[in-house]
Amino acid sequence: MPYIDQLNRKLQITETPKRIISLVPSQTELLVDLGLEASIVGITKFCVHPEHLKKTKTVVGGTKQINIEKIKALKPDIILCNKEENTKKIIDEFASTAPVHISDIYNLEDCFELIEMYGSIFKVEAKTSEIITKIKNHRKQFQEKITGKQRPKVAYFIWKNPWMVSASNTFIDNMLYEAGFKNVFENDQRYPEIELSSSKLKEADIIFLSSEPFPFKDKHILELQSRFPQQTIKIVDGEMFSWYGSRLQQAFKYFESLHSIK
């Protein structure tokens, strides 16, 4: 039966895949929450949820550097990738090994579409519907709480040396909006490198330091606080802003906690 992925590529899948390789951490977690853990045969070293998974599954590399021979030896029925996480070169090398499904995520609607795609491919439609409904309900409840409230202005750092922030045309930017914040870098594109002298940083009420991909720590708060004594600086859980799939079931409760910042 033909399926399509989020790049509108056609995949020919004749039977429900029983041997899955996932090269994206948030998609791996989603598979587990869909009851498909037993079908997962390969993951990346960054697939940290659930914690025990790396002890029971074959780790085939990172998200950018993959051991192709390991993947071939696992004889997968399908390989799950992401346009941003995995390189085109890697994806092209898989073409003759198994069908490759590529996600492309910019907002929550894209997330819901991906979850529904997995429901169809892996025949777990009831479970995907349950997860989507739960996320939508949490989203609605959160929106009701922030309706009419002013959106605090934020800068969201993802890297140091060089300093990099998340700007428009990214899932993180969309999630900042969903979380009730206004991104001071909304007129920039993707993940720009910036200087700490940037005037936009002075506009921010809060500076967020993401826990990933760069592992910001308390020492970085102290470093920036000396430069920006008027701003609140806080380390935030990057998974809540950049992981899609079933992790979103926890996101809106977390966003609510961020609005208690004084």
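Residues numbered from 1 in each chain as written. Predicted model: local features only at pLDDT ≥ 70, side-chain atom pairs only at ≥ 80, totals over all residues. Heavy atoms only, no water.

1. Quick notes on the packing of aromatic side chains
Right, so step 1: All chains considered together, the criterion is met by 14 aromatic pairs.
Right, so step 2: Measuring from centroid to centroid gives 5.8 Å for phenylalanine 142 and phenylalanine 252, while their planes differ by 45°, and the two rings are tilted. Here phenylalanine 252 lies in helix H11 (residues 248-258) and phenylalanine 142 lies in helix H6 (residues 125-146), a separation of 110 residues in the sequence.
Right, so step 3: For phenylalanine 142, a relative accessible area of 2% gives the class buried.
Right, so step 4: According to the relative accessible area criterion, phenylalanine 252 is buried, its value standing at 2%.
Right, so step 5: Between the aromatic rings of phenylalanine 252 and phenylalanine 255, the centroid separation amounts to 5.5 Å while the plane-to-plane angle is 85°, which identifies the pairing as edge-to-face. Residue phenylalanine 252 and its partner phenylalanine 255 are located together in helix H11, separated by three residues, close to a single helical turn. Considered together, phenylalanine 252 and phenylalanine 255 belong to a single accessibility category, that of buried residues.
Right, so step 6: Site record: aromatic cluster; members linked through ring pairs are Phe142, Tyr156, Phe181, Phe208, Phe241, Phe252 and Phe255. (Phe/Tyr/Trp six-rings, centres within 6.5 Å; stacked < 30°, edge-to-face > 60°. Helix = DSSP H or I, 4+ residues; strand = E, 2+ residues; numbered from the N terminus. Buried < 20%, exposed > 50% of the residue type's maximum accessible area, 1.4 Å probe, protein only.)

2. Some details on the pairing of strand S12 (residues 232-236)
Right, so step 1: Inspection of the sheet shows strand S11 (residues 206-210) paired to S12 by five bridges, in the parallel sense. In the strand pairing of S12, leucine 209 is matched with isoleucine 235. (Pairing = 2+ DSSP bridges.)

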